[in-house]
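One-letter residues, chain by chain:
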Amino acid sequence: MLHIINKSPYDRPAFYSALKTGEGAILLIEDGVYAAAKGGVAEAKLKAATDKFKFYALTADLEARGIADRVVDGVTLVNYAGFVDLVAEYKTNQSWL
Amino acid sequence: MASIEVNGKSYEIDEEGYLVDLSTWNEEVGAYLATTEGLTLTDQHWEVINFLREYYNEFQIAPAVRVLTKAIGKKLGPEKGNSQYLYELFPYGPAKQACKVAGLPKPTGCV
Amino acid sequence: MTTKQFMFVNRKAPYGTIYAWESLEVVLIAAAFEQDVSMAFLDDGVYQLKKGHQTKGIEVKAFEKTFGALEDYDVTKIYVDQESLTERGLTTDDLALPVEVFSRAELGKLMEEQDVVLSF
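Values in this document were obtained by computation on a predicted structure and should not be read as measured data.

Rules of the game
Within any chain, residue numbers begin from 1 and follow the written order of that chain's sequence. Working convention: letters from A go to chains and numbers from 1 go to ligands, in the order in which they are written. Where totals are concerned, whole chains, interfaces and linings use all residues; where local detail is concerned, this predicted model gives features only for residues with pLDDT of at least 70, and gives and counts side-chain atom pairs only at 80 or more. Side-chain metrics rest on all non-hydrogen atoms present in the structure, leaving aside hydrogens and water. Secondary structure is summarised from DSSP: a helix means a run of H or I of at least four residues, a strand means a run of E of at least two, and numbering begins at the N terminus for each. Computation of the radius of gyration draws on C-alpha atoms alone. For the globule rule, the value is 2.2 Å times the number of residues to the power 0.38. When checking whether two residues touch, look at their non-hydrogen atoms; a contact exists if any pair is within 4.5 Å. Pairing between strands is defined by DSSP: at least two bridges between them are needed. The axes used here are C-alpha line fits, helices contributing only the stretch in contact, and every angle between their N-to-C directions lies in the interval 0 to 180 degrees. Note on definitions: buried area is the accessible-area loss of two parts on being combined, 1.4 Å probe, summed for both. One side-chain nitrogen of Lys or Arg within 4 Å of one carboxyl oxygen of Asp or Glu is enough to make a salt bridge. Throughout this description, a polar contact denotes any pair of N or O atoms lying within 3.5 Å of each other; where both atoms belong to protein, one of them has to be capable of donating a hydrogen while the other can accept it, and for residues adjacent in sequence the pair is counted only when both atoms sit in side chains. Each residue is placed in one exposure class: buried if its accessible area under a 1.4 Å probe, protein chains only, is under 20% of its type's maximum, exposed if it is over 50%, and partly exposed if it falls in between. In this context, the arc is that of the directions from the helix axis out to the C-beta atoms.

## So, the overall build of chain A
Then step 1. Looking only at helices and strands, one finds 4 helices and 5 strands in chain A.
Then step 2. The linear arrangement of helices and strands in chain A, starting from the amino end, is β-α-β-α-β-α-β-α-β.
Then step 3. The C-alpha atoms of chain A give 12 Å as radius of gyration, which agrees with the globular expectation for 97 residues (13 Å, within 12%).
Then step 4. Taken over the C-alpha atoms alone, chain A extends approximately 35 × 30 × 25 Å along its principal axes.
Then step 5. Once local pairs closer than 6 in sequence are excluded, the contacts in chain A between residues at least 24 apart make up 66%.

Take a look at the structure:
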């Protein structure tokens, strides 16, 4: 399953909650991209889950927030077309509120 | 939404007569918007209008009148950076009227 | 005009919601009316100050530019919470404006000193 997270991990637990679902893919968009920024508390949690999840983050949202140059290794950057491809690739997807 | 026609081209304006899309602005549109405010534009008017457009470009906001006065004083000298001079050019409020002519939104802090 | 001390407390990340921009607009309005305005950034609010916002891709206004106008509005008291920076791996070098860094307890004291505190 593809989990789409648009909330900052420092504000809401959606990202951590999704990590506990087991395995699959996580696409970070909007404020969710802060989970992919190096140096923060969320970095370790993301890194610890790279064997179970594939991580993606939307480039436009990283750029808007000034963090495109500090993305954690192991996170794949996608553009809007890549976003669509991911949604098509997975049988099910879920946008975490 | 209302619109104005300048040189055969149509431009959208909001309910207070401000241009909706500032990227569509040009000097002819500015001159037309000035007539809706009852203004005849001189070089002194254009100096303020161009200053406002540059200010907007740099800071993404239309400045309140106090800020405009101060910023103009810094750039164009104290004889222009005072409210008397600016109100003579734009009697119904320099920030409000000049912003309209410059194609900018209503200034922040202008109620 | 009576002058009051206003503190605007900013706790939301930029762009994901409209809070950050709304706060900045109200700050500018309060400052235009010559009030004594300060801004405090804590929790995800510190992300508003991160430099290098390039918002072309998401097609919204980058208000990092507008922070530059705060000085013209005489808004120079910009307070940032140390704990929030650390949690996010940020330092003052990452920020677009010169700021004063305080502990959360010190910010609490500053809040106590205000006439009006508005939270965004």
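Additional details are given in the paragraphs that follow.
## As for the sheet that holds strand 3 (residues 77–81) of chain C
All names here are of chain C.
Then step 1. Sheet architecture is open: 5 strands sit in the order 4-3-2-1-5, paired in parallel fashion. One side of each edge strand has no neighbouring strand; the edge strands of this open sheet are strand 4 (100–102) and strand 5 (116–119). Direction aside, neighbouring strands of the sheet carry axes that sit 25 degrees apart on average.
Then step 2. Pairing analysis gives 4 bridges linking strand 2 (residues 36–41) to strand 3, with the strands arranged parallel. Bridging from a neighbouring strand, A40 pairs with Y79 of strand 3.
Then step 3. Packing of helix 4 (residues 104–112) onto the sheet brings it into contact with strand 1 (5–10), strand 2, strand 3, strand 4 and strand 5, and relative to strand 3 it is tilted by some 140 degrees.

## Comments concerning the interface of chain C and chain A
Then step 1. At the interface, 22 residues of chain C touch 18 residues of chain A.
Then step 2. Here chain C and chain A share an interface that buries about 1500 Å² over both sides, 48% of which is from carbon and sulfur atoms.
Then step 3. The largest contributions to the chain C side of the interface with chain A come from Y47(C), I58(C) and E87(C), which together make up 29% of the buried area.
Then step 4. For the interface between chain C and chain A, the tally reads 1 salt bridge.
Then step 5. In this structure, D94(C) engages R70(A) in a salt bridge whose closest nitrogen and oxygen atoms are separated by 2.7 Å.
Then step 6. Where chain C packs against chain A, one counts 8 residue pairs in polar contact (both at pLDDT 80 or more).

## Observations regarding helix 1 (residues 27–36) of chain B
All names here are of chain B.
Then step 1. What helix 1 keeps buried is the set V29, G30, L33 and A34. Within helix 1, the buried residues cover an arc of 145 degrees as seen down the axis, which keeps them to one side.
Then step 2. On its buried side, helix 1 packs onto strand 1 (3–6), strand 2 (9–12) and helix 5 (94–101).
Then step 3. Capping of helix 1 at its N-terminal end is provided by N26; its side-chain oxygen lies 3.1 Å from the backbone amide nitrogen of E28.
Then step 4. Just beyond helix 1, the residue with positive phi is G38, at close to 70 degrees.

## Some words on the sheet that holds strand 3 (residues 53–58) of chain A
Residues and elements named next belong to chain A.
Then step 1. Read from one edge of the open sheet, 5 strands run 4-3-2-1-5, paired in parallel fashion. Because the sheet does not close on itself, it has two edges, and the strands there are strand 4 (75–78) and strand 5 (93–96). Adjacent strand axes in the sheet meet at a mean angle of 25 degrees, parallel and antiparallel pairs treated alike.
Then step 2. In this sheet, strand 3 lies alongside strand 2 (residues 24–28) in parallel orientation, the contact comprising 5 bridges. Across the sheet, the residue bridging to A25 is K54, located in strand 3.

## Examining the environment of V46(C)
All names here are of chain C.
Then step 1. Looking at the element boundaries, V46 is found in the loop between strand 2 and helix 2 (64–67).
Then step 2. Taking relative accessible area as the criterion, V46 reaches 0% and is therefore assigned buried.
Then step 3. Taking C-alpha positions, V46 is 10 Å from T91, a pair spaced 45 residues apart along the chain.
Then step 4. Apart from the residues within four sequence positions on either side, V46 is in contact with F41, V80, D81, S84, L85, R88, L90 and L95.

## Structural notes on the interface of chain B and chain C
Then step 1. Facing the 17 residues of chain B at the interface are 18 residues of chain C.
Then step 2. Carbon and sulfur atoms supply 53% of the area buried between chain B and chain C, which totals about 1400 Å² over both sides.
Then step 3. There are 4 salt bridges connecting chain B and chain C.
Then step 4. With its nearest N and O atoms 3.8 Å apart, the salt bridge here joins K74(B) to D72(C).

## What about the pattern of salt bridges?
Then step 1. Per the stated rule, a full pass over the model turns up 19 salt bridges over all chains.
Then step 2. R65(A) is the partner of D61(A) in a salt bridge, and the nearest nitrogen-oxygen pair spans 3.4 Å.
Then step 3. Several salt bridges converge on common partners, so that one network encompasses R66(B), K70(B), E34(C) and D74(C).

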